[in-house]
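Secondary and tertiary structure notes
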Amino acid sequence: MSRKNKRTMAIVARFMIMGFLLSLLGGCATAPPERFSQVTRASVGEQRIQRVSLVASNYWFRPERIIVKAGVPVELSVRKEPGIIPHSFVIHAPEAGINVNVELNIKPKVIDFVPQKAGIFEFYCDKSGLLESHRKMGMTGIIEVTQ
């Protein structure tokens, strides 16, 4: 291979890598529609279980605020949207009987817990991006436990 062809291939490879990195960064900056109005009150279904579904994507959760009742079992179905960016779901509220740290996939994971006390508790993604943590970039939400 000639020197000119090697140089051309190196330039093309650099542009491809830069394009890939920019597409990752561009995808990470998207916000969900109606980000600040995503509130869901858990529905009470069969066997008196509160059920809620949650989706994680590029630095956001939908819904970002979930309301449940204390003392009633919760079944939280959590998944991430397809893509290469890893996400997790973490909530550390032992005083309320909630302690979760799971890796997310496109297949929903079901998390069961019984909130023991009323309050507002943050959930978040503990993964890190290229520049900073997903949590610092706004990938957080609230579980509000009512009486």
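Structure report, in brief. These numbers were taken from a predicted model, which means no experiment stands behind them.

Here the bond from Arg62 into Pro63 is cis, since omega is -5°, no more than 30 degrees from zero. Looking at where Pro63 falls in the secondary structure, it is placed in the loop between strand S4 (60-62) and strand S5 (65-69). Phi is positive for Arg48, close to 55°, though the residue is something other than glycine. Here Arg48 shows up in the loop between strand S2 (43-44) and strand S3 (50-57).

Moving on, we come to the nonpolar core. Leu76 and Phe89 are the most contacted members of the largest nonpolar core, which totals 26 residues. Mapped onto this core, the elements with two or more residues apiece are S3, S5, strand S6 (74-80), strand S7 (88-93), strand S8 (98-103), strand S9 (109-113), strand S10 (119-124) and strand S11 (140-146).

As enumerated under the stated definition, the model contains 3 aromatic pairs in all. Judged by centre distance (6.0 Å) and plane angle (90°), the rings of Phe61 and Phe89 are edge-to-face. Here the residue Phe61 occupies a position in strand S4, and Phe89 occupies one in strand S7, the gap between them amounting to 28 residues. In this structure Phe61 comes out as buried when scored by relative accessible area, which is 1%. Centre to centre, the rings of Phe61 and Phe123 are 5.1 Å apart; their planes meet at 80°, and the pair counts as edge-to-face. Of this pair, Phe61 sits in strand S4 while Phe123 sits in strand S10, and the two are 62 residues apart along the sequence. Residues Phe61 and Phe123 agree in their burial class; the two are buried. The structure contains a cluster of three or more aromatic residues connected by ring pairs, namely Phe61, Phe89 and Phe123. In this structure, Arg135 packs its charged tip against the face of Tyr124, placed 3.7 Å from the ring centre.

This part takes up the pattern of salt bridges. Between side chains of opposite charge, pairing is possible as soon as their charged atoms come close. For the structure on display, the rule yields 5 salt bridges. The salt bridge involving Glu103 is made with Lys127; its shortest N-O contact spans 2.7 Å. In this pair, Glu103 sits in strand S8 while Lys127 sits in the loop between S10 and S11, placing the two residues 24 residues apart along the sequence. One salt bridge connects Glu122 with Arg135, and the closest N-O pair in it is separated by 2.5 Å. Separated by 13 residues along the polypeptide, Glu122 in strand S10 and Arg135 in the loop between S10 and S11 bring together distant segments of the chain. Judged by relative accessible area, Arg135 falls into the partly exposed class, the value being 36%.

Most of S6 is tucked away, with 5 of its 7 residues classed as buried. Sheet topology note: the S3/S6 ladder contains 7 bridges and is parallel. Within S6, the position partnered with Gln50 by the bridge is Val74. Judged from the 5 bridges that link them, S6 and S9 form a sheet pairing that is antiparallel. Looking at S9, one finds that Ser77 is bridged to Val110.

Topologically, Val52 is positioned in strand S3. A sequence separation of 12 residues divides Val52 from Thr40, and the C-alpha atoms of the two residues are 7.8 Å apart. For Val52, the residues in contact, after removing those within four places along its chain, are Thr40, Ala42, Ile66, Glu75, Leu76 and Ser77.

Analysis parameters
Residues numbered from 1 in each chain as written. Predicted model: local features only at pLDDT ≥ 70, side-chain atom pairs only at ≥ 80, totals over all residues. Heavy atoms only, no water. Helix = DSSP H or I, 4+ residues; strand = E, 2+ residues; numbered from the N terminus. Core = buried A, V, L, I, M, F, W, Y, C linked by side-chain atoms within 4.5 Å. Buried < 20%, exposed > 50% of the residue type's maximum accessible area, 1.4 Å probe, protein only. Phe/Tyr/Trp six-rings, centres within 6.5 Å; stacked < 30°, edge-to-face > 60°. Lys NZ or Arg CZ within 6 Å of the ring centre and 35° of its normal. Salt bridge = Lys/Arg side-chain N within 4 Å of Asp/Glu carboxyl O. Pairing = 2+ DSSP bridges. Contact = heavy atoms within 4.5 Å.

Scope: geometric values only; no functional claims are made or implied.
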